[in-house]
Amino acid sequence: MNEHARNFITHLVRLHEQDRRAIAVLRRSLSFPPGKYPPAYPYVERFVGADRHEADPFRLALYLVAGLFALHPHNAPCRLAASLGELMFRRGSDSIEKRFIALLGADADNLEEYLRQIVTLLAADDCGLDYVALLNDLPYWLNPNATDKRDQIRQRWARDFYGALMARDVKPEPTTSSNNVNN
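Conventions adopted
Along each chain, residue indices are assigned from 1 in the same order as the chain's sequence is written. Only residues with pLDDT of at least 70 are given local features in this predicted model, and only at 80 or more are side-chain atom pairs given and counted; all residues enter the totals for whole chains, interfaces and linings. Hydrogen atoms and water are omitted, and side-chain values are computed over all heavy atoms in the structure. Secondary structure elements are taken from DSSP: a helix is a run of H or I of four residues or more, a strand is a run of E of two residues or more, and numbering for both begins at the N terminus. The buried label goes to any residue with under 20% of its type's maximum accessible area, the exposed label to any with over 50%, and the partly exposed label to all in between, with areas taken from a 1.4 Å probe on protein chains only. It only takes one pair of heavy atoms within 4.5 Å for two residues to be counted as in contact. The method behind every accessible area is Shrake-Rupley, applied with a 1.4 Å probe, and residues are considered shielded solely by the protein chains displayed. His is not counted here, nor are the chain ends, while Lys and Arg score as positive and Asp and Glu score as negative. By convention, charge coordinates are those of NZ in Lys, CZ in Arg, CG in Asp, or CD in Glu. Nonpolar cores were defined as sets of buried Ala, Val, Leu, Ile, Met, Phe, Trp, Tyr and Cys residues, with membership established by side-chain atoms within 4.5 Å.

## What about the overall build of the protein chain?
Here comes step 1: For the protein chain, the count of helices and strands is nine helices and zero strands.
Here comes step 2: In the protein chain, the succession of helices and strands from N to C terminus is α-α-α-α-α-α-α-α-α.
Here comes step 3: Along the longest, intermediate and shortest principal axes, the C-alpha atoms of the protein chain span 75 × 35 × 30 Å.
Here comes step 4: Within the protein chain, the fraction of its 183 residues that count as buried is 45%.
Here comes step 5: Look at the contacts in the protein chain between residues 6 or more apart in sequence, and 69% of them connect residues 24 or more apart.
Here comes step 6: When the accessible area of the protein chain is evaluated, it comes to approximately 10,000 Å², of which 48% is carbon and sulfur surface.
Here comes step 7: Each charge class in the protein chain was averaged separately, 23 positive and 23 negative side chains, and the resulting centres sit 4 Å apart.

Printed below as a string of structure tokens:
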């Protein structure tokens with residue numbers, strides 16, 4: 001799916017550069033459940049594939065990522081959780097960590113809401129994210145039968161988030177000389 005996801009994000013980048021109306025339609029689609037806003041169909045359905053049904057998790061992920069991209073069209077090599085960890089480090093705000101933990105606890109029914117909040121936070125500080133990686137993860141999160149894979153993704157996102165914090169927060173240990181050691 002990686003190549004398919006990359007092609008879809010390339011399509012969204014092209015839309016962002018050439019068709020402001022399409023981006024507005026995709027942004028508006030976030031007000032509806034994924035795949036339920038007909039004006040967005042021309043921009044997404046061609047990537048769905050004829051064999052996928054209406055509630056297929058991959059189809060839903062395409063619509064969700066299209067809307068999120070339209071909300072903040074800043075594609076970057078940093079995965080979502082790592083970008084959020086960077087943002088928390090920059091802002092020093094515990095509320096970002098609370099939102100991230102709420103995102104990790106999200107299920108398929110409320111994931112869209114949490115992701116929209118997170119992407120809005122990233123957009124406020126112009127922090128990009130890797131939409132290809134997000135699109136590769138979301139079908140598992142949106143699939144009620146993929147609990148093991150969803151848990152693996154949650155754990156990886158947690159490692160990304162806290163790893164970004166740790167990479168920025170690591171301070172060298174103070175060195176002690178033999179003169180400073182109390183006997």
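Once you've had a look at it, read on.
## With respect to the nonpolar core
Here comes step 1: Core analysis: the largest hydrophobic core is formed by 56 residues, its most contacted members being Leu115 and Trp157.
Here comes step 2: Ranked by residue count, the leading element in this core is helix α4 (residues 57-71), at 11 residues.
Here comes step 3: What Trp157 contacts, discounting residues up to four positions off in sequence, is Leu80, Ala81, Phe100, Leu103, Leu104, Leu115, Leu134, Asp137 and Trp141.

## Describing the environment of Phe100
Here comes step 1: Along the chain, Phe100 turns up in helix α6 (residues 94-104).
Here comes step 2: Classification of Phe100 as buried rests on a relative accessible area of 0%.
Here comes step 3: Separated by 61 residues in sequence, Phe100 and Phe161 have C-alpha atoms that sit 8.5 Å apart.
Here comes step 4: Beyond its immediate sequence surroundings of up to four residues, Phe100 is in contact with Ala81, Leu84, Ile118, Trp157, Ala158, Phe161 and Tyr162.

## Concerning unusual backbone geometry
Here comes step 1: Of note in this structure, Asp126 is not a glycine but carries a positive phi near 55°.
Here comes step 2: Within the element layout of this structure, Asp126 appears in the loop between α7 (111-124) and α8 (131-141).

## What about the environment of Arg99?
Here comes step 1: The topology assignment puts Arg99 in helix α6.
Here comes step 2: For the pair Arg99 and Leu121, spaced 22 residues apart in sequence, the C-alpha to C-alpha distance is 10.0 Å.
Here comes step 3: Those residues within four positions of Arg99 in sequence are excluded, and the remaining contacts are Gln117, Ile118 and Leu121.

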